[in-house]
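Chain residues, written in single-letter form:
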Amino acid sequence: MRRRSESPSSISCYLGCPKKYQFKYMHKLPDPSGPAAEFGSKFHQAAYDSWHTQDATHQDPQISKMLEAMYANEDVQSLDKNKLVEGENSEYKMSVQCGSQELMGYIDILYPDIIIDLKTASSKWDNEKVKGALQHFAYTYGARKLGVSTAKEFWYVVVGSKGNPFVQVFKIKISEEVLQKFEEDFSRTITKIELDIFTPTPSEGYKPPCCWCPYKKVCPAFNPNSPYMT
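What counts and how
- Residues numbered from 1 in each chain as written.
- Predicted model: local features only at pLDDT ≥ 70, side-chain atom pairs only at ≥ 80, totals over all residues.
- Heavy atoms only, no water.
- Helix = DSSP H or I, 4+ residues; strand = E, 2+ residues; numbered from the N terminus.
- Rg over C-alpha atoms; globule rule 2.2 N^0.38 Å.
- Buried < 20%, exposed > 50% of the residue type's maximum accessible area, 1.4 Å probe, protein only.
- Contact = heavy atoms within 4.5 Å.
- Areas by Shrake-Rupley, 256 points an atom, 1.4 Å probe, with all protein chains shown as cover.
- Lys, Arg positive; Asp, Glu negative; His and termini not counted.
- Charge placed at Lys NZ, Arg CZ, Asp CG, Glu CD.
- Expected span 1.5 Å × (residues − 1).
- Polar contact = N/O pair within 3.5 Å; in protein donor to acceptor, adjacent residues only side chain to side chain.
- Phe/Tyr/Trp six-rings, centres within 6.5 Å; stacked < 30°, edge-to-face > 60°.
- Pairing = 2+ DSSP bridges.
- Axes fitted to C-alpha atoms, helices over the stretch in contact; angles between N-to-C directions.
- Parallel < 35°, antiparallel > 145°, perpendicular 65-115°, else oblique.
- Left-handed = near helix turned anticlockwise from the far one by under 90°.
- Nonpolar A, V, L, I, M, F, W, Y, C, P; charged D, E, K, R; others polar.

Asks: Before we go on, may I ask you to explain the overall build of the protein in this structure?
Replies: Of the regular secondary structure elements, the protein holds eight helices and seven strands. Scaling as 2.2 N^0.38, a compact globule of 230 residues should have a C-alpha radius of gyration of about 17 Å, and the protein matches this with 19 Å. Over its C-alpha atoms, taken along the principal directions, the protein stretches across nearly 55 × 40 × 30 Å. Evaluated residue by residue, the protein yields a buried proportion of 45% over its 230 residues. Of the contacts made within the protein by residues no fewer than 6 positions apart, 63% connect residues no fewer than 24 positions apart. Carbon and sulfur atoms form 51% of the exposed surface of the protein, whose accessible area is close to 12,700 Å². Between the centroid of the 28 positive side chains of the protein and the centroid of its 28 negative side chains there is a distance of 6 Å.

Asks: Sorry, what's going on with helix 4 (residues 61-72) here?
Replies: The periodicity of an α-helix, 3.6 residues per turn, causes residues three or four positions apart to be oriented the same way. The first and last C-alpha atoms of helix 4 sit 16 Å apart over 12 residues, in line with the 16 Å expected at 1.5 Å per residue. Those residues of helix 4 that sit buried are Gln-62, Ile-63, Ser-64, Met-66, Leu-67, Met-70 and Tyr-71. N-capping of helix 4 is provided by Asp-60, with a side-chain oxygen placed 2.9 Å from the backbone N of Gln-62.

Asks: Sorry if this is basic, but what is going on with the packing of aromatic side chains here?
Replies: For any pair of aromatic rings, geometry is given as the distance between the ring centres together with the angle between the planes. For the coordinates displayed, the defined rule picks out 12 aromatic pairs. Centroid distance Tyr-14 to Phe-198: 6.3 Å. Interplanar angle 75 degrees. Geometry classified as edge-to-face. A residue pair is termed long-range when its members are at least 10 positions apart, and Tyr-14 in helix 1 (residues 8-16) and Phe-198 in the segment after helix 8 (176-194) qualify at 184 residues. Three or more aromatic residues link up through ring pairs in this structure, and these residues are Tyr-14, Tyr-21, Tyr-25 and Phe-198.

Asks: How should I be thinking about the sheet that holds strand 7 (residues 167-173) in this particular structure?
Replies: The strands making up a sheet associate through hydrogen bonds between their backbones, and the pairing can be parallel or antiparallel. The four strands are arranged 4-5-6-7 in an open sheet whose pairing can be described as mixed. Edge strands, defined here as strands with exactly one partner in the open sheet, are strand 4 (109-110) and strand 7. Relative to strand 6 (residues 153-160), strand 5 (residues 114-121) runs parallel, the two being bridged by eight bridges. When the bridges of strand 6 are listed, Asp-117 appears paired with Tyr-156. Helix-sheet contacts for helix 4 involve strand 5, strand 6 and strand 7, and the interaxial angle to strand 6 is about 140 degrees.

Asks: Explanation requested: the side chain of Ser-149 in the structure shown.
Replies: With respect to the helices, strands and loops of the structure, Ser-149 is situated in the loop between helix 7 (135-146) and strand 6. One polar contact links the side chain of Ser-149 to the main-chain amide nitrogen of Ala-151, over a distance of 3.1 Å. Excluding residues that lie within four positions of it along the chain, Ser-149 makes contacts with Leu-110, Tyr-111, Pro-112, Asp-113, Ile-115, Ala-143 and Arg-144.

Asks: I tried to follow the pairing of strand 7 on my own but got confused; where do I start?
Replies: Every regular strand shows the same layout, with side chains that alternate between the two sheet faces. Here strand 7 shows a clear split, with Gln-168, Phe-170 and Ile-172 buried on one side and none of Val-167, Val-169, Lys-171 and Lys-173 buried on the other. Here strand 6 folds back onto strand 7, and the loop between the two strands holds six residues, one of which, Gly-163, carries a positive phi near 60 degrees.

Asks: Teacher, can you tell me more about the packing of helix 3 (residues 34-50) against helix 4 here?
Replies: Any two packed helices are characterised by the angle at which their axes cross and by the distance between the axes. In the contact formed by helix 3 and helix 4, the axes pass within 10 Å of each other and the chain directions differ by 50 degrees. When the axes of helix 3 and helix 4 are compared, the pair comes out oblique. Considering how the two elements wind past one another, helix 3 and helix 4 form a crossing that is right-handed. Seen from helix 3, the contacting residues are Phe-39, Lys-42, Phe-43, Ala-46, Ala-47 and Ser-50; seen from helix 4, they are Gln-62, Ile-63, Met-66, Leu-67, Met-70 and Tyr-71. By residue class, the composition of the contact of helix 3 with helix 4 is nine nonpolar, two polar and one charged.

All quantities given are derived from atomic positions and should not be read as evidence of function.
Laid out in C-alpha cells, this is it:
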C-alpha cells in the first residue's frame, strides 16, 4: 500500500526502525501518546497563541513558567515578532513535492530568514539528539522550495517541562548541498518503503532492546519471554 505523503516524524520513525514504521503508519496500530505528549501539545498551542505578544500568562502554572523562561531567553528576545510569516492555526502548513512523494508538516515558527521548531523535554538535549532530528532538513527544504522563506538557519528551541524550566537554543546552518542530500536521502527512504522493506532494528542501550516500544508485543524482534515484558 502506497502512502500519499510523509512527514519528518514518519521518516524519522522509519530510519529508527522500519518495523515500527510499518506498525504505526501502514498497519495503523494504536500508539498511546501518553501524558507527556499531551502536555507538549498544550505548550505548543500556548506558545503559538502568545508568540506575538510574548505573554506568558496561562491557566496551567507549569506552562506559564515555561513560556516565561522561553521569552526571557536572549536569542528568543532578539527575534522580531513583526516579521513572522503567518500560517494556518498559528503554524505554517507545509506541503511540497520531494522526489516522487509529498512531504508534509507543520512549521512551528516561520520567519523569512529563520525557521524555529519548539520542543518540550524532561531532560536537556545534546548534540547527538540534535543530529538525530530531521526537522531542520525537512522544514528548511520545504519552506525554501515553496518560496515562503530563504532561511539558511534553523533553530531548535528546547524548553524543560519539569520543575524550573531550562531553555536551550540550537542554531544550525543549512546549505544548498545539505538540502540536496536530504532530498536524495528522502527519495531513497521512500523507495525502501515502496519495496516493503520493514526489517526490525532493535534499539541499543536498553535491556532488553525495544522494551519501551508500544509495539513490542507484536514485533518478531522482541523476546516475549523477557522479564521486562509488560
